[in-house]
Amino acid sequence: MEGKDDAGRNVACLKSEVYEGVESVLLPCTVPQDVSRDSTAAVWDRKDLQNPTVHLRLQSGDELTKQNHLYLNRTSMRADALQSGDLSLTLRKPTVNDSGTYTCTTRKFGQDLSKTHLELNVAERPPPTSPPVWPKVLSGVLVPVVLLAVGFGVFMYFRYKKLKSKEVLKAEAHVGKESVKLPCRSTAHPLSGDTTVEWKDRNGRKVHVYQEGRDRPEKQHRRYRNRTEVNKDMLKTGDLSLTLRYPTNTDRDTYTCTVYKGKSEEDILMEKQVELKITECRVEAVEGDEFVRLPFKTTENLPRDSEVEWKRYEPDYMKVHVYYQGSDQPGRQDQEFRGRTEMVQDPLGTGDLSLTLRHPTKGDTGRYGCEVNSKEAWRYNRVFLTVKGEATELDPLMLEVQREQQ
């Protein structure tokens, strides 16, 4: 079904119905890839709320600082949403209060490119129908069986609770560190050879999979490929810790280490969580410096078809530097940066994606991001640059950016 927005443009109008109590509901929204890739943001909102923001995705990732508190930790989008055009939103644990009209909007520098309206109706689940009246003779047989099943269920529940740890462990790193270790140790070892160890992030993306006695890199999400490592003798020692190489701010997350028997994800032996905190990368320069370097080091031998884009997101959006098909692309830079930027030779081969910016000025102060994108790999790093003038004071906009990050 289609309708018109305030400007008279065609917009899609969808409907979705679900019962309260389901695990999640998917709010569909797809746009052409050329539209999503050209967008600076994808926004889900509900105009009937005082704070209408349900979910905000930038090219650099989720930006949820202004999200309505009703949706805290309940929404997610695909990691490649703005690359694939699939902007669908997963809403977990929907309730009757979530019923309403949702709008999926793509924007470029504040201008709407597309809109999709979706009416979500979350209904109370109807009461179960009255059970049939069983003959007394069957009751005498079924009641003991049911009690036995309940007793067995209680036993398995407490066994599972004993094995599953609720403790959330902590790990910290700063951008630029070569690696960080996410701790996880099994109290029951040695583990059998058919044990599966699986690390996932909060969005369910597979970070590392160890199965059938070996690593399974083909099951990893592309943002983690060639960046993770586990101990080779972990089943023997019980040390299931994960080493994550070259952490950046996009790795700030809560990770889950799950151990289960064989390939059956239902037979969980142990589960632990690790919260990883990342210190932001901040660089300072002074007007008059010959150059300033925005650092970004990652794994070597990235796919040769990768596109590397340095962008400035604040105070305004600009393309700073583009590297594609083995060479710089000055025609795709904004005029303000032409002739002032440089990357090392063979950045994809060396994994050194750092950018040199010559003759920095106070006007260069802002938030920069570098994205590496291909079918096989994805990397992203964010750098805050402050260029001081003679007064050596922080630019007011930079102070505002810092306040938003705290």
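Remember, predicted model here, so these are calculated numbers, not experimental data. (Residues numbered from 1 in each chain as written. Predicted model: local features only at pLDDT ≥ 70, side-chain atom pairs only at ≥ 80, totals over all residues. Heavy atoms only, no water.)

So, the state of the cysteines
The following threshold applies: Cysteine sulfur pairs qualify as disulfides if the two atoms are within 2.5 Å. What counts as a helix is a DSSP run of H or I of at least four residues, what counts as a strand is a run of E of at least two, and both are numbered from the N terminus. Burial here depends on accessible area, computed with a 1.4 Å probe over protein chains only, as a share of the maximum for the residue type. Under 20% is buried, over 50% is exposed, and the range in between is partly exposed.
With the rule as written, the count across this model stands at 1 disulfide. Paired through a disulfide, Cys 29 and Cys 104 show a sulfur-sulfur distance of 2.3 Å. Across the disulfide from Cys 29 to Cys 104, rotation about the S-S bond amounts to roughly -75°, and the bridge is consequently left-handed. Remark: Cys 104 occurs in strand β9 (residues 100–108) and Cys 29 occurs in the loop between β3 (24–27) and α1 (33–38); sequence separation between them is 75 residues. Taken as a pair, Cys 29 and Cys 104 share a single burial class, namely buried. Here Cys 184 is not cross-linked by a disulfide; its sulfur's nearest cysteine counterpart is in Cys 257, at 3.1 Å. Taking relative accessible area as the criterion, Cys 184 reaches 2% and is therefore assigned buried.

Some remarks on empty space enclosed by the protein
Threshold: Think of a 1 Å grid over just the protein atoms. A cavity is a set of points where a 1.4 Å probe fits yet cannot get out, a pocket is an open set with protein on both sides within 12 Å along at least five of seven lines, and lining residues have an atom within 4 Å of a point. Grid points are joined across faces, edges and corners, and a volume is the space filled by probe spheres set on the points. Three categories are distinguished: nonpolar for Ala, Val, Leu, Ile, Met, Phe, Trp, Tyr, Cys and Pro, charged for Asp, Glu, Lys and Arg, and polar for the others, with Gly belonging to the last.
The final tally for this structure, using the stated rule, is 2 cavities of 30 Å³ or more. Taken as a whole, the largest cavity encloses approximately 70 Å³ of empty space. Forming the boundary of the largest cavity are Arg 223, Arg 227, Tyr 246, Thr 248, Thr 250, Asp 251, Phe 296, Thr 298, Trp 378, Arg 379 and Tyr 380. When grouped by side-chain class, the residues that make up the lining of the largest cavity number 4 nonpolar, 3 polar and 4 charged. By volume, the second largest cavity is sized at about 30 Å³.

Some details on the pairing of strand β27 (residues 366–373)
For clarity, the threshold we go by: Only when DSSP finds a minimum of two bridges between them are two strands counted as paired.
Among the 8 residues of β27, 7 are classified as buried, and the element is accordingly described as predominantly covered. Across 7 bridges, strand β22 (residues 307–314) lies against β27 in antiparallel orientation. Bridging across to β27, Glu 314 finds its partner in Arg 367. As paired strands, β27 and strand β28 (residues 378–388) are joined by 8 bridges and run antiparallel to one another. Along β28, the bridge assignment pairs Arg 367 with Phe 384. In textbook terms, the turn of a hairpin is the stretch between consecutive antiparallel strands, and for β27 and β28 this stretch comprises 4 residues.

Regarding the packing of aromatic side chains
Put simply, the test is: Two aromatic rings from Phe, Tyr or Trp, using only the six-membered ring of Trp, form a pair when their centres are within 6.5 Å; if the ring planes differ by under 30 degrees the pair is stacked, by over 60 it is edge-to-face, and anything between is tilted. Geometrically, a lysine NZ or arginine CZ counts as sitting over a ring once it is within 6 Å of the ring centre and also within 35 degrees of the ring normal.
By the definition in use, this model includes 5 aromatic pairs. Centre to centre, the rings of Trp 378 and Tyr 380 are 6.2 Å apart; their planes meet at 10°, and the pair counts as stacked. The residues Trp 378 and Tyr 380 share a single accessibility class, namely buried. The positively charged end of Arg 282 is found above the aromatic ring belonging to Phe 384, 4.5 Å away from the centroid.

A short note on unusual backbone geometry
Cis geometry is found at the peptide bond from Glu 314 to Pro 315, where omega equals 5°. For Pro 315, the position within the fold is in the loop between β22 and β23 (318–324). Despite not being glycine, His 359 shows a phi value in the positive range, around 50°. Its location among the elements puts His 359 in the loop between β26 (355–358) and β27. Owing to a relative accessible area of 53%, His 359 belongs among the exposed residues under this scheme.

So, the confidence of the model for the protein chain
What counts, and what does not: pLDDT expresses how confident the predictor is about each individual residue, on a scale running from 0 to 100. Any two residues whose heavy atoms approach within 4.5 Å at even a single point are treated as in contact.
With 82% of its residues at a pLDDT of 70 or more, the protein chain shows a mean pLDDT of 85. Note that residues 1–10 has pLDDT below 50 and, in this model, 16 contacts with residues that lie over four places away or in other chains. Confidence drops under a pLDDT of 50 for residues 391–401, and excluding neighbours within four residues, the segment shows 15 contacts in the predicted structure.

Observations concerning the sheet that holds strand β15 (residues 214–215)
Within the open sheet, the 6 strands sit side by side as β11-β19-β18-β13-β14-β15. Their pairing is mixed. Pairing within the sheet leaves two strands with one partner each, and these edge strands are β11 (168–174) and β15. By the bridge criterion, 8 bridges tie strand β18 (residues 253–261) to strand β19 (residues 268–279) in an arrangement that is antiparallel. Each bridged residue has a counterpart across the sheet, and for Thr 256 the counterpart in β19 is Gln 273.

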